[in-house]
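Tertiary structure, described
Spelled out, the chains give:
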Amino acid sequence: MKMRTLLLGLLAVVSAQGWAGEVARQGKMWPITERDMREVIMEQVAQIDKKAVQNELKKSATAYLENRPDFGLPAPQRSATKWLDLTWTLPEDMSIPYKKPDGSLGTRVLYPKGTKVNPVVANRPMDALVFFNGRNKRQVAAIKQLIKANPERWVLIETAGNPDRNSVELDRPVFHAERQILERFAITHVPAIVFAGNGEHRAHYGVSVVAEPFLQTDFKNINELAFPSKAK
């Protein structure tokens, strides 16, 4: 019985080896070839119409700038200045992390709940914000004259128009307004200039609006309010 089992086992091994040899010789063999992915990418890049892509990107950028929100703010009926006290009270403790003597981290209260914070006093701005309608040519011309009177002091923010085109016209960066900043400074008419007050209004923001015909004398008065040491 044992001899029979052994013979059957040997036959199975020999048969398997023979079959494996036959399998190895079945069909025609080809070497596996795979293109370098870098070559494929370079071929695809070479087929791209670069000029068409550039034109499409330019059109997209122009359309985006031309369609920035128009907040529809009118010019005021008369020139005026109002003063804003933006002091706010901390609703909870303001804490900061620190390292304890044993090396572990803890927190300590920097400002307790109820502390009053005035942004003008805490971080006094050196510039003034100028809000204007970039589609109103008379306003743009008036802002250009304002810049000449005191070139280094103004941050230009339009409430309507194309900031790229107006940057070229005014020869300096022009930003587009966001609703939050308009609400923060209660901007309802333009042109409007926001600046840190002086003297008795040192803890306030001044918000001055200029009525048509946007006289430079009005802008000069604002310049003197905002920057008395630099007024011209």
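Please read all numbers here as calculations on a predicted model, not as lab measurements. Sequence order as written defines the numbering, with residues in each chain counted from 1. Note on the predicted model: pLDDT of at least 70 is required for a residue's local features to be given, and 80 or more for side-chain atom pairs to be given and counted; whole-chain, interface and lining totals, by contrast, use all residues. Note that water and hydrogens are dropped before the side-chain values are worked out from all heavy atoms of the structure.

1. Here's the deal with the environment of Thr 89
Condition: Numbering of helices and strands starts at the N terminus; helices are DSSP runs of H or I of at least 4 residues and strands are runs of E of at least 2. Here, residues are in contact when the closest pair of their heavy atoms is within 4.5 Å. Residues adjacent in sequence count toward polar contacts only when both atoms are side-chain atoms; beyond that, a polar contact is any pair of N or O atoms within 3.5 Å, and within protein one must be able to donate a hydrogen and the other to accept it.
With respect to the secondary-structure elements, Thr 89 resides in strand β2 (residues 88-89). Sequence separation of Thr 89 and Thr 115 is 26 residues, and the distance between their C-alpha atoms is 5.6 Å. What Thr 89 contacts, discounting residues up to four positions off in sequence, is Gly 114, Thr 115 and Lys 116. A polar side-chain atom of Thr 89 sits 3.3 Å from a polar atom in the side chain of Lys 116.

2. Some remarks on the pattern of salt bridges
Put simply, the rule is: The term salt bridge refers to a side-chain nitrogen of Lys or Arg lying within 4 Å of a carboxyl oxygen of Asp or Glu. When a residue's accessible area, from a 1.4 Å probe over protein chains only, is under 20% of the maximum for its type it is buried; when over 50% it is exposed; and in between it is partly exposed.
In the structure shown here, the tally under the stated rule is 3 salt bridges. The partner of Arg 138 in a salt bridge is Glu 212, and the shortest N-O contact between them spans 2.9 Å. Taken together, the residues span a long stretch of sequence, with Arg 138 in helix α5 (residues 137-149) and Glu 212 in the loop between β10 (205-209) and α8 (216-226) at a distance of 74 residues. With a relative accessible area of 44%, Glu 212 lands in the partly exposed category. The salt bridge involving Lys 144 is made with Glu 169; its shortest N-O contact spans 2.8 Å. With Lys 144 in helix α5 and Glu 169 in helix α6 (residues 163-170), this pair connects stretches of sequence that are 25 residues apart.

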